[in-house]
Amino acid sequence: MQPMLSVQGLTKTYKGGKQALSNVNLDVAKGEILALLGPNGAGKTTMISIICGIVTATSGKVLVDGFDNVSDYRQARGLVGLVPQELTTDAFETPWDNLCFSRELFGLKPNPALVEQILKDLSLWDKKDTRIMALSGGMKRRLLIAKALVHEPQLLFLDEPTAGVDVALRQDMWNMVEKLRQQGVTVVLTTHYIEEAEAIADRVGIIRGGELLLVEDKTTLMQNMGQKQLLVDLKGPLSCVPESLASLGFVLAKEGLQLLLNYRGNDDTLDVGAMLSAIHEAGVEVLDIHTQQSSLEEIFIELLQEAS
Ligand SMILES: Nc1ncnc2c1ncn2[C@@H]1O[C@H](COP(=O)(O)OP(=O)(O)OP(=O)(O)O)[C@@H](O)[C@H]1O
Ligand SMILES: [Mg+2]
């Protein structure tokens, strides 16, 4: 099936010589949720701005559902919704007028029922006639999300939609993304909250210094890159790891009160029963046993370190 978004050999050098993107290639399937992760200045906003036609690429090509975003600009742009990173709203308008006008800009028929639904979904209905300048920062951000949705885009970009927002808005935003997914909308989001990517993305792309380092299915990434740990709490502290356990890979933690074994997340061969027998045979008394898996955040930090 034709991807909803195809980015081919995208390069951007800003005036002044800063290369913000170098040869980025990326396909996003219809209905997929992709999280783009990367440190400040990695090129995330540049890439989104090029796709949405706000910034021109130095070279390369962007297709939105097959439409070239330069030669078929209107068709491509009509399919795209953007929640920008920076707050930009018209101070004197009201949310209601702002949304109705945004829809008009895309040449669509008025749809008051849809505008009402979107305002309600984003808890802005009671503010529909308030001047935008009198809204709080979080409410303005909700309005930006509403504005990106009002022309019913098929491909939605959320550039750090939850930066500096409260827990309630974050939850609303996650619910909204889930609802859009059910409608078949494709979503690309950037975030510095890695648990956000862990919670809602199907695939994760990691970008650094203008290069897309990898794009991987989230579950696969966590299985292949993630560390698992077997943690054995002890009744009394050990001064060193018994030889038989050291040879299995155990090390001491928590000032001798814990035996710890690291193994790869995709390693199904770890025989926990055999490990416990070995501990028992070594005469070590066990208080509790548990396992833990590294988070996407730990994997992300490790990948960035490897790349530097
Ligand atoms: N208009 C511009 N002119 C010159 N350089 C720019 C411009 N916009 C961005 N840059 C530079 O391009 C690089 C990528 O910036 P970009 O905003 O795409 O990063 P980002 O990944 O979105 O970062 P953040 O996480 O901070 O939002 C940075 O070095 C930035 O300084
Ligand atoms: Mg940015």
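Engineer: Please explain the environment of glycine 78 as it appears in this structure.
Structural biologist: Tracing the backbone shows glycine 78 in helix α2 (residues 73-78). Distance in space between the C-alpha atoms of glycine 78 and leucine 105 is 9.8 Å, their sequence separation being 27 residues. When neighbours within four sequence positions are excluded, glycine 78 is seen to be in contact with Phe106 and His151.

Engineer: What am I meant to see in the packing of helix α3 (residues 95-105) against helix α4 (residues 112-121) here?
Structural biologist: A pair of packed helices can be characterised by two numbers: the angle between their axes and the separation between those axes. Two numbers describe how α3 lies on α4: the axes approach to 10 Å, and their chain directions differ by 125°. As far as their axial angle goes, α4 and α3 are oblique. The way α3 lies across α4 gives a crossing that is right-handed. Of the residues in α4, those in contact with Pro95, Trp96, Leu99, Cys100 and Arg103 of α3 are Pro112, Leu114, Val115, Glu116 and Leu119. Broken down by class, the residue content of the contact of α3 with α4 amounts to eight nonpolar, no polar and two charged.

Engineer: How should the pairing of strand β9 (residues 203-208) be read in this particular structure?
Structural biologist: Along a regular strand, successive side chains alternate from one face of the sheet to the other. In terms of burial, β9 is largely enclosed, as five of its six residues are buried. One ladder, built from four bridges, connects strand β3 (residues 33-37) with β9; its direction is parallel. The residue of β9 that forms the bridge with leucine 36 is glycine 205. When β9 meets strand β10 (residues 211-217), the two strands line up antiparallel, connected through six bridges. Across the sheet, the residue bridging to isoleucine 207 is leucine 212, located in β10. Taking the residues that link successive antiparallel strands as the turn, the β9-β10 hairpin has two residues, and the phi of glycine 209 there is positive, at about 55°.

Engineer: Which parts of the structure should I look at to understand the sheet that holds strand β14 (residues 286-293)?
Structural biologist: Where strands meet in a sheet, backbone hydrogen bonds hold them as pairs that are either parallel or antiparallel. Taken in spatial order, the four strands line up as β12-β13-β11-β14 in an open sheet, and their pairing is antiparallel. Edge strands, defined here as strands with exactly one partner in the open sheet, are β12 (251-253) and β14. Each adjacent strand pair in this sheet contributes to an overall mean axis angle of 30°, direction not counted.

Engineer: How should the pairing of strand β7 (residues 155-159) be read in this particular structure?
Structural biologist: Burial within β7 is extensive, with five of its five residues counted as buried. Alternating positions in β7 separate into two faces, Leu155, Phe157 and Asp159 on one and Leu156 and Leu158 on the other, with burial throughout. Here five bridges tie β7 to strand β8 (residues 186-190), and the two strands are oriented parallel to one another. Counted as the bridge partner of phenylalanine 157 is valine 188 from β8. Each parallel crossover has a hand, and for β7 linked through helix α6 (residues 167-182) to β8 it is right-handed.

Engineer: Explain the sheet that holds strand β1 (residues 5-13) here, please?
Structural biologist: Overall, antiparallel pairing links the four strands, which are arranged β2-β1-β4-β5 in an open sheet. Taken across any chain shown, the strands that pair with only one partner, and hence form the sheet edges, are β2 (19-28) and β5 (67-68). When β1 meets strand β4 (residues 59-64), the two strands line up antiparallel, connected through five bridges. Within β4, the residue paired with glutamine 8 across the bridge is lysine 61.

Engineer: What am I meant to see in the coordination of the magnesium ion (ligand 2) here?
Structural biologist: Ideal geometry at a metal centre: 109.5 degrees between donors when four sit tetrahedrally, and 90 or 180 degrees when six sit octahedrally. For the magnesium ion (ligand 2), the full set of protein donor atoms is Thr45 (OG1) and Gln85 (OE1), and the range of their distances to it is 1.9 to 2.1 Å. Of this pair, threonine 45 sits in helix α1 (residues 44-51) while glutamine 85 sits in the loop between β6 (80-83) and α3, placing them 40 residues apart in sequence. Note on glutamine 85: relative accessible area 28%, which makes it partly exposed.

Engineer: I would appreciate a short explanation of unusual backbone geometry in the present structure.
Structural biologist: Most peptide bonds take the trans configuration, and most residues that are not glycine carry a negative phi. Positive phi values are uncommon outside glycine, yet asparagine 23 reaches one of about 45°. The residue asparagine 23 is located in strand β2 in this model.

The rules behind these values
- Residues numbered from 1 in each chain as written.
- Chains lettered and ligands numbered in written order.
- Predicted model: local features only at pLDDT ≥ 70, side-chain atom pairs only at ≥ 80, totals over all residues.
- Heavy atoms only, no water.
- Helix = DSSP H or I, 4+ residues; strand = E, 2+ residues; numbered from the N terminus.
- Contact = heavy atoms within 4.5 Å.
- Axes fitted to C-alpha atoms, helices over the stretch in contact; angles between N-to-C directions.
- Parallel < 35°, antiparallel > 145°, perpendicular 65-115°, else oblique.
- Left-handed = near helix turned anticlockwise from the far one by under 90°.
- Nonpolar A, V, L, I, M, F, W, Y, C, P; charged D, E, K, R; others polar.
- Buried < 20%, exposed > 50% of the residue type's maximum accessible area, 1.4 Å probe, protein only.
- Pairing = 2+ DSSP bridges.
- Right-handed = clockwise from strand over helix to strand, strands pointing away.
- Donors = N, O, S within 2.8 Å, 3.2 Å for Na, K, Ca; no water.

So yeah, pure geometry; function would need other evidence.
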